[in-house]
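Structural features, examined
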Amino acid sequence: MSGNFANLFVEAHGRLGWQHREALQVCPRVIRAFIRVTGDPKKVGIKLSPAGGFNDMGDPIDLAVEEYAYLIKELDALNIAYILMMLYVADIDPTGMGNKMDVVPAFRPHIKYALCFISGSLTGENAEQLFDPDHPKPFPAIDVAVF
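As the structure is a computational prediction, the values presented were derived from the model and not from experiment. Think of each chain on its own: its residues are numbered from 1, step by step along the sequence as written. For this predicted model, a pLDDT threshold of at least 70 governs which residues receive local features, and a threshold of 80 or more governs which side-chain atom pairs are given and counted, while totals over whole chains, interfaces and linings are taken from all residues. Hydrogens and waters are ignored; side-chain quantities use all the structure's heavy atoms.

We now examine the overall build of the protein. Under the DSSP-based scheme used, a helix requires at least four consecutive residues in state H or I and a strand at least two consecutive residues in state E, with every element numbered from the N terminus. Looking only at helices and strands, one finds six helices and four strands in the protein. Each helix and strand of the protein, ordered N terminal to C terminal, gives the series α-α-α-β-α-β-α-β-α-β. Within the protein, buried positions represent 48% of all 147 residues. Sequence-distant contacts, at least 24 apart, represent 74% of the contacts inside the protein between residues at least 6 apart. The buried label applies to any residue whose accessible area, calculated with a 1.4 Å probe on protein chains only, is under 20% of its type's maximum; exposed applies above 50%, and partly exposed to all values in between. By definition in these notes, contact holds between two residues if any of their heavy atoms fall within 4.5 Å.

What follows deals with unusual backbone geometry. Unlike most non-glycine residues, Asn 79 shows phi in positive territory, near 65°. For Asn 79, the position within the fold is in the loop between helix H4 (61-76) and strand S2 (82-86). A residue is classified by how much of its surface remains accessible, and Asn 79, at 32% relative accessible area, is partly exposed. A positive phi is found at Ser 121, a non-glycine position, where the angle reads about 55°.

Right, let's get into the nonpolar core. With 33 residues, the main nonpolar core has Leu 75, Ile 80, Ile 83 and Met 85 as its most contacted residues. Elements with a minimum of two residues in this core: helix H3 (26-38), strand S1 (45-48), H4, S2, helix H5 (103-107), strand S3 (115-119) and helix H6 (124-131). For this core, the element with the highest residue contribution is H4, accounting for six residues. What Ile 80 contacts, discounting residues up to four positions off in sequence, is Ile 31, Ile 35, Pro 41, Lys 42, Val 44, Gly 45, Ile 46, Leu 75 and Ala 114. For this analysis, a nonpolar core means a set of buried residues of the types Ala, Val, Leu, Ile, Met, Phe, Trp, Tyr and Cys, connected via side-chain atoms within 4.5 Å.

Glancing now at the packing of aromatic side chains. Under the pairing criterion, centres of Phe, Tyr and Trp rings, with the six-membered ring standing for Trp, must be within 6.5 Å; the plane angle then separates stacked pairs below 30 degrees from edge-to-face pairs above 60, leaving the rest tilted. Tallying each qualifying case throughout the model produces two aromatic pairs. Residues Tyr 68 and Phe 107 carry aromatic rings whose centres are separated by 6.3 Å and whose planes lie at 70° to one another, so their mutual orientation is edge-to-face. With a gap of 39 residues between them, Tyr 68 in helix H4 and Phe 107 in helix H5 connect regions that are remote in the sequence. Both residues of the pair, Tyr 68 and Phe 107, count as buried.

The buried fraction of S2 is high, at four of five residues. When DSSP finds two or more bridges between a pair of strands, those strands are recorded as paired. As judged from the four bridges shared by S1 and S2, these two strands associate in the parallel manner. Counted as the bridge partner of Lys 47 is Leu 84 from S2. Across five bridges, S2 lies against S3 in parallel orientation. What sits directly across from Ile 83, in S3, is Cys 116.

What follows is about the side chain of Gln 25. For Gln 25, the position within the fold is in the loop between helix H2 (20-24) and H3. Ignoring anything within four residues of it in the chain, the contact list for Gln 25 reads Arg 32, Tyr 70 and Glu 74.

This next bit is on the sheet that holds S2. Here we have four strands laid out as an open sheet, ordered S1-S2-S3-S4, and parallel in their pairing. One side of each edge strand has no neighbouring strand; the edge strands of this open sheet are S1 and strand S4 (144-146). Across the sheet, the mean angle separating the axes of adjacent strands is 20° when strand polarity is ignored. Here an axis means a line fitted to C-alpha atoms, over the contact stretch when the element is a helix, while the angle between two N-to-C directions is reported on a 0 to 180 degree scale. Sheet strands in contact with H4 are S1 and S2, and its direction is about 170° off that of S1.

Written out as structure tokens, the structure reads:
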């Protein structure tokens, strides 16, 4: 599932007249439907773009952290195969609406069951640090770096 899908509902909840939590539940409902169709949650994964930036997406950092922490916990509880989180990428943020949040420390601790994939603005050096369980950091290592 695309990183834009969750953003469409999370950020548009006010325009749709929905309550905030109602909008946050759209994505897990769709994932549950994919799980029913495939018959196996380990055949389902999702890409999230909490830093936003492209297609005029981007909430203030404090709101984005609250929304995506909740969403990631909900998705992780479904025991899906992976959660891919895209880091902030300045090149795809022409309007400046994205935020430069540090995605991995903000959200990696909430992923307990799914594999944690990271993409966007990665270099060999920072990917290696995110993988290394011995590198000092206040969050678990990631499972996969996507270049």
